[in-house]
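Fold and contact review
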Amino acid sequence: MDNSLPPADELVLVDRELAQLEARRTQLLARRAWLVQVLYRPARAATPQWPVTPAAPAADSTPRSAQNVLLTLGGTLLTIAAVAFTLVSWGSMGIGGRAAVLCAVTGAALSAPVVLLRRGLVSTGESVAVLGLVLTVLDAYALHRVALSDTDGLGYAAVASAVLAGAWAAYGSALPRLRVPLPAGVVAAQLPLPLGVLAAGGGATAFAWAALVTAAADGAVVLWTRPLPVRITAGAGAALLGGWALLTGGWLSVSSPWSGAPLLLAGAAVCLYAAWRTPGWAVAASVVAGLAVVAAVGGLLRSAVPGDWAVPGYVLCGLALASVWRAGAGARLPRGVRTGLAGAGAATVALGLLWALPPVVGGALGPLARTTEVWSGEHTGPALVAYPATAALVLAVVAAALASVPRLWARCGALALVWALLTALPVAPGLPYAATLALQLLTTAAALWIAVRPAPLTRGLPRPGATPAASPDARTTTDRTTDPTNRPATAATGPSGTPATGPSGVSATGPAEPPASGPAGQSASGPAGQSAGGSVPPPPSAPPRVPGAGFGAPGTGWMPPRPRPQTSAAEPGTVLGWVAYAGGLVSAAGAVALALDVRGATFLVLGAVLGLLTGVAVLGTGARRAVSACGAVLAAAGLVFAGAAAAGLEAHWTGLALLLVPAATAAVGATARPVALPVEITGAAVGLSALGLAASRPAFLALVLALGGVIAAATAVRPERRRFASWTAAGLFLLAAWVRLGAWGVTTPEAYTLPVTVPALVVGFLRRRRDPEASSWTAYGPGLAVTLLPSLGAAWTDPEWVRPLVLGVAALVVTLLGARFRLQALLLLGGTVLALDGLHELAPYVVQVVGALPRWLPPALAGLLLLAVGATYEQRLRDARRLRERLARMR
């Protein structure tokens, strides 16, 4: 039966359902709007609601920028017109007309901004005021051309600039809303004194004094005025004129010290005052002041002492200035001032050390630049001739100054400078050869001893874990910020004695518990004490404290500062030891190079260096011990080489003698375990040099290789060296055998390959017994290939029948073994070699048969072969796959 409604009834039913859905949708939308209003009430209360207006289309430029462009363009055009009128049309008018025009136009231009400012047209008034300032300059020019043409141009310009500066300053003060007149007055004030000095015929010194006075006045403007444009303009003028004055003073300190010193000292006083009053620029201003003081005092000292003592004088001034860092802390000098003065002194000292560096470089690297024969008895001339001996004094003074500072960096610098002083002494005074060599050895010994025992140099230095003594500034800051228990200081109390609270009502000493909590544990009070009915969350900047949470727990009002991770600092003894050790190695290298001039000195120095480095290897620790042991090995090798050279031995005998060093290192490595590896590596490097020396004689080379194999075999007795040393010994013995066979004239390849194949096959057999899953290519492949492939190449060029027959039999045996034991490497290598060997033997007969057959027979046979293969193609593919699978199953 059909229960479907008529179309009219069904339409009524559908409309009724849609109306119910629409009513439900309206109800849900209203509920959503109410929920949104409740949830976001705090944000809306904090943010003012402005009526939303439709956005206007974006303009290419704002009204303000368009107005400024128009006003600037108009003022520029009027200025051009005024200049053109003054320069071109001036002569066509009488004196009365000229005065009337100028006075009227200038007065109107200067008076108009008053009216414009009253009406709020600030930008227009600014443009007209600029025009008026330009007209005042034109008035001054016109006055000079008409009424005061006989006066001096520079003098008139100085007076006019002073008058204009005062007038513009008064005008700007009367109309403070205008931004241009006051900076323009500052710019005009830069000219009166310098122009006045030039007008009076003053020289460079007078001009520099005028510039310095003007710069000081600019500094006063910067310090004592409030408008930012005025301060910026005055600061730029002070930097420009003050810099010119100081540069002139520096030039005068070289050419005329008594004229430049007062100027530099006055400039330094101005810079120091500016540094004292402006903490932000204290460091830069103090650096300039310190350099000016050094230039002034150093210039005076330079004029009173010989030329060689000029740099030491500057260095003394720099040291005195650098001492302000510690002395000024007790005198309550600002930290920025002390930093700048100390930086200027340190820069001066650094330049002095750079001047004293060439003798150090000559003393350290001069012996390496050899120009004479070894053991010739002649000595290389000094690299530096007539260098001032006061360079050593500079090094000594700076070293003493650094040694008095109880800091690690200063102690390291003092140690390096003492080494540099001892290195430069032979160069600066020009000591004789014996004294130079003795001084080099003493320097080496002292440096290496300090590298082993640096404890005496660490006295007075703070330990890495200790807290250094705080400076007065640091103590004051600490007292203000922390209490005796090293906890954050409590906040100040309010006027009524209650603790001061932040904007959220949280005490500065820590967040207090909320007075009441809602069901969810949230405070019932909103930000700033405003109630939110329990539904308004607190602002993100003051999260509510979780009830029951401890101080600093997650969710509290603020967290205590987390401790910074402490980086591990190096021990002072370690750092000083490395500094001394580096200097000792450089001095040792220089002493050895210098000793090569004389035979006896060579043995003496090499022996001394060997003893010193051995002592460091025995007494030292860490990496210095290993490096010293390697150096001792090299020194021993040098002794052996020098002994062989003194005995007149040839190169191959010398190489044989050098094997004593690897043998000794192998013996030392067995007992001195901490330095065994670097010592043995260095000994192996000496052994390689022995091979190079013996390479000219194959018989001696074979002997050296064999002895090296003996040393490696002896080293292989030790368990930790067994694997590497055993392979090394086997390789050396094999190379020795090959070299000996080559010396005997043996050309048979099997004589060279069989000694490799047999041990390789034995090793592969043993490995297969231990690991049956090992691949035959890994176990037997290398050993078989070493003999079969060279023998195959020799068989193809051998006209005799013995080698191919023996090779074929051997390849057949290998193939059968591979097929029997299912070894892929043996089967493929043996089968390939057997096939190629048989092809080589059958090739002549095949060529004869092919030559005897008719010409059409080979193509016919080839066609038949192709037909047979094509007819059984699928079978051949299956056979090939079966063969491949069988080979893949082999090991």
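Residues numbered from 1 in each chain as written. Predicted model: local features only at pLDDT ≥ 70, side-chain atom pairs only at ≥ 80, totals over all residues. Heavy atoms only, no water.

A few words on the overall build of the protein chain. The number of helices and strands found in the protein chain is 35 helices and 0 strands. Buried positions account for 32% of the 891 residues belonging to the protein chain. Contacts in the protein chain between residues at least 24 apart in sequence constitute 65% of all its contacts with a sequence separation of at least 6. In the structure as shown, the protein chain presents an accessible area of about 51,600 Å², 70% of it carried by carbon and sulfur atoms. (Helix = DSSP H or I, 4+ residues; strand = E, 2+ residues; numbered from the N terminus. Buried < 20%, exposed > 50% of the residue type's maximum accessible area, 1.4 Å probe, protein only. Contact = heavy atoms within 4.5 Å. Areas by Shrake-Rupley, 256 points an atom, 1.4 Å probe, with all protein chains shown as cover.)

Quick look at helix H13 (residues 310–322) now. The terminal C-alpha atoms of H13, which comprises 13 residues, lie 19 Å apart, in line with the 18 Å expected from a rise of 1.5 Å per residue. Looking at H13, one finds that the buried residues are Ala310, Pro312, Gly313, Val315, Cys317, Gly318, Leu319 and Leu321. (Expected span 1.5 Å × (residues − 1).)

The topology assignment puts threonine 602 in helix H22 (residues 599–619). In terms of polar contacts, threonine 602 uses its side chain to reach the backbone carbonyl oxygen of alanine 595, at 2.7 Å. Excluding anything up to four places from it in sequence, threonine 602 contacts Trp375, Ala595, Leu596 and Ala642. (Polar contact = N/O pair within 3.5 Å; in protein donor to acceptor, adjacent residues only side chain to side chain.)

Our next topic: unusual backbone geometry. Glycine aside, residues mostly have negative phi, and peptide bonds are mostly found in the trans state. The phi torsion at tryptophan 375 lies on the positive side, around 60°, for a residue other than glycine. Looking at where tryptophan 375 falls in the secondary structure, it is placed in the loop between helix H16 (357–365) and helix H17 (390–403). Despite not being glycine, arginine 822 has its phi angle at roughly 55°, a positive value. As for its placement among the helices and strands, arginine 822 is situated in the loop between helix H32 (802–821) and helix H33 (824–852).

The next thing to look at is the side chain of serine 253. You can see serine 253 is positioned in helix H10 (residues 228–255). On the accessibility criterion, serine 253 (3% relative accessible area) is buried. Look past the residues within four positions of serine 253 in its chain and what remains in contact with it is Gly260, Leu264, Ala295, Gly299 and Arg302.

Taken residue by residue, the protein chain gives an average pLDDT of 80. The fraction at 70 or more is 78%. Under a pLDDT of 50 for its full length, residues 46–64 has, in the predicted model, 3 contacts with residues more than four places off or in other chains. A low-confidence stretch, residues 468–563 stays under pLDDT 50, and its non-local contacts, those more than four residues away or across chains, total 83 contacts. (pLDDT = per-residue confidence, 0-100.)

Turning our eyes to something else, we now look at the packing of helix H31 (residues 781–797) against H32. In contact at an axis separation of 10 Å, H31 and H32 are set at 145° when each is read in the N-to-C sense. Crossing hand, H31 versus H32: left-handed. Every residue of H32 that contacts H31 at Leu784, Leu788, Ser791, Leu792, Ala794 and Ala795 is listed here: Arg803, Pro804, Leu807 and Val814. Split by residue class, the contact of H31 with H32 holds 8 nonpolar, 1 polar and 1 charged. (Axes fitted to C-alpha atoms, helices over the stretch in contact; angles between N-to-C directions. Left-handed = near helix turned anticlockwise from the far one by under 90°. Nonpolar A, V, L, I, M, F, W, Y, C, P; charged D, E, K, R; others polar.)

Looking now at the packing of helix H24 (residues 651–658) against helix H26 (residues 676–694). The interhelical angle for the contact between H24 and H26, taken along N-to-C directions, is 160°, at an axis separation of 7 Å. Taken together, the axes of H24 and H26 lie roughly antiparallel to each other. By crossing handedness, the relation of H24 to H26 is classed as left-handed. When H24 is examined against H26, the residues Ala651, His652, Thr654, Gly655 and Leu658 are found in contact with a partner set consisting of Val686, Ser689, Ala690, Leu693 and Ala694. Per-class residue counts for the contact of H24 with H26 are 6 nonpolar, 4 polar and no charged. (Parallel < 35°, antiparallel > 145°, perpendicular 65-115°, else oblique.)

So, about the packing of aromatic side chains. If you walk through the whole model with that rule in mind, you get 5 aromatic pairs. Arranged with centres 6.4 Å apart and planes meeting at 90°, the rings of phenylalanine 207 and tryptophan 244 form a pair that is edge-to-face. With a gap of 37 residues between them, phenylalanine 207 in helix H9 (residues 204–224) and tryptophan 244 in helix H10 connect regions that are remote in the sequence. In this structure tryptophan 244 comes out as partly exposed when scored by relative accessible area, which is 49%. Judged by centre distance (5.9 Å) and plane angle (85°), the ring pair of tryptophan 578 and tyrosine 581 falls under edge-to-face. Of the two residues, tryptophan 578 and tyrosine 581 are both situated in helix H21 (residues 572–595); the distance of 3 residues between them amounts to about one turn of the helix. Tyrosine 581 gets classed as buried once you look at its relative accessible area, which sits at 1%. The side chain of arginine 338 reaches across the aromatic face of tryptophan 325, ending 4.8 Å from its centre. Sitting over the ring of phenylalanine 821, arginine 820 keeps its end group 5.2 Å from the ring centre. (Phe/Tyr/Trp six-rings, centres within 6.5 Å; stacked < 30°, edge-to-face > 60°. Lys NZ or Arg CZ within 6 Å of the ring centre and 35° of its normal.)

Pairs can form between side chains of opposite charge once their charged atoms are near each other. Taken as a whole, this structure holds 6 salt bridges when the rule is applied. Ionic pairing is found between arginine 803 and glutamate 750, a salt bridge with its closest N-O pair at 2.8 Å. Of the two residues, arginine 803 sits in helix H32 while glutamate 750 sits in helix H29 (residues 749–770), which places them 53 residues apart along the sequence. Here glutamate 750 falls in the buried class, since its relative accessible area comes to 17%. We note a salt bridge from arginine 803 to aspartate 798, for which the minimum N-O separation is 3.1 Å. (Salt bridge = Lys/Arg side-chain N within 4 Å of Asp/Glu carboxyl O.)

So, about the nonpolar core. In terms of nonpolar packing, the biggest core is built from 23 residues, with Leu437, Val605 and Val609 touching the most fellow members. Those elements that provide at least two residues to this core are helix H18 (408–424), helix H19 (433–452), H21, H22 and helix H23 (622–647). The biggest single contributor to this core is H21, with 7 residues. Excluding residues within four positions of it along the chain, valine 609 makes contact with Ala588, Val592 and Ala635. If you look at the next biggest cluster of nonpolar residues, it comprises 19 residues, including Ala392, Leu395, Ala410 and Ala420. (Core = buried A, V, L, I, M, F, W, Y, C linked by side-chain atoms within 4.5 Å.)

It is worth spelling out a nonpolar patch on the surface at this point. A grouping of Trp801, Val802, Leu805, Val806, Val809, Val813, Leu817 and Phe821 is seen on the molecular surface, where their side chains present a nonpolar patch of about 770 Å² in accessible area. By the secondary structure assignment, leucine 805 is in helix H32. (Patch = residues over 30% accessible without salt bridge, like charges linked within 9 Å, V, L, I, M, F, W, Y side chains within 5 Å.)

This next bit is on the environment of proline 183. Position of proline 183 among the secondary structure elements: in helix H7 (residues 181–189). Among the residues examined, proline 183 registers a relative accessible area of 12% and is labelled buried. Distance from proline 183 to threonine 233, taken between C-alpha atoms, is 6.1 Å for residues 50 residues apart in sequence. Setting aside its immediate chain neighbours within four residues, proline 183 contacts Pro229, Val230 and Thr233.

Here we come to the environment of proline 406. Tracing the sequence through the fold places proline 406 in the loop between H17 and H18. Judged by its relative accessible area of 25%, proline 406 is partly exposed. Separated by 54 residues in the primary sequence, proline 406 and glycine 460 have C-alpha atoms spaced 5.9 Å apart. Apart from the residues within four sequence positions on either side, proline 406 is in contact with Arg411, Gly460, Leu461 and Pro462.

Compared with an ideal rise of 1.5 Å per residue, which puts 23 residues at 33 Å, helix H12 (residues 282–304) spans 33 Å between its outermost C-alpha atoms and is within 8% of the ideal. What H12 keeps buried is the set Ala282, Ala285, Ser286, Ala289, Gly290, Ala292, Val294, Ala295, Ala296, Gly298 and Gly299. The elements touched by buried residues of H12 are H10, helix H11 (257–277), H13 and helix H15 (335–355).

Let us now look at the environment of alanine 210. The topology assignment puts alanine 210 in helix H9. Counting along the chain gives 14 residues from alanine 210 to glycine 196, while the straight-line C-alpha distance between them is 8.7 Å. The residues contacting alanine 210, other than those within four sequence positions of it, are Leu193, Pro194 and Val197.

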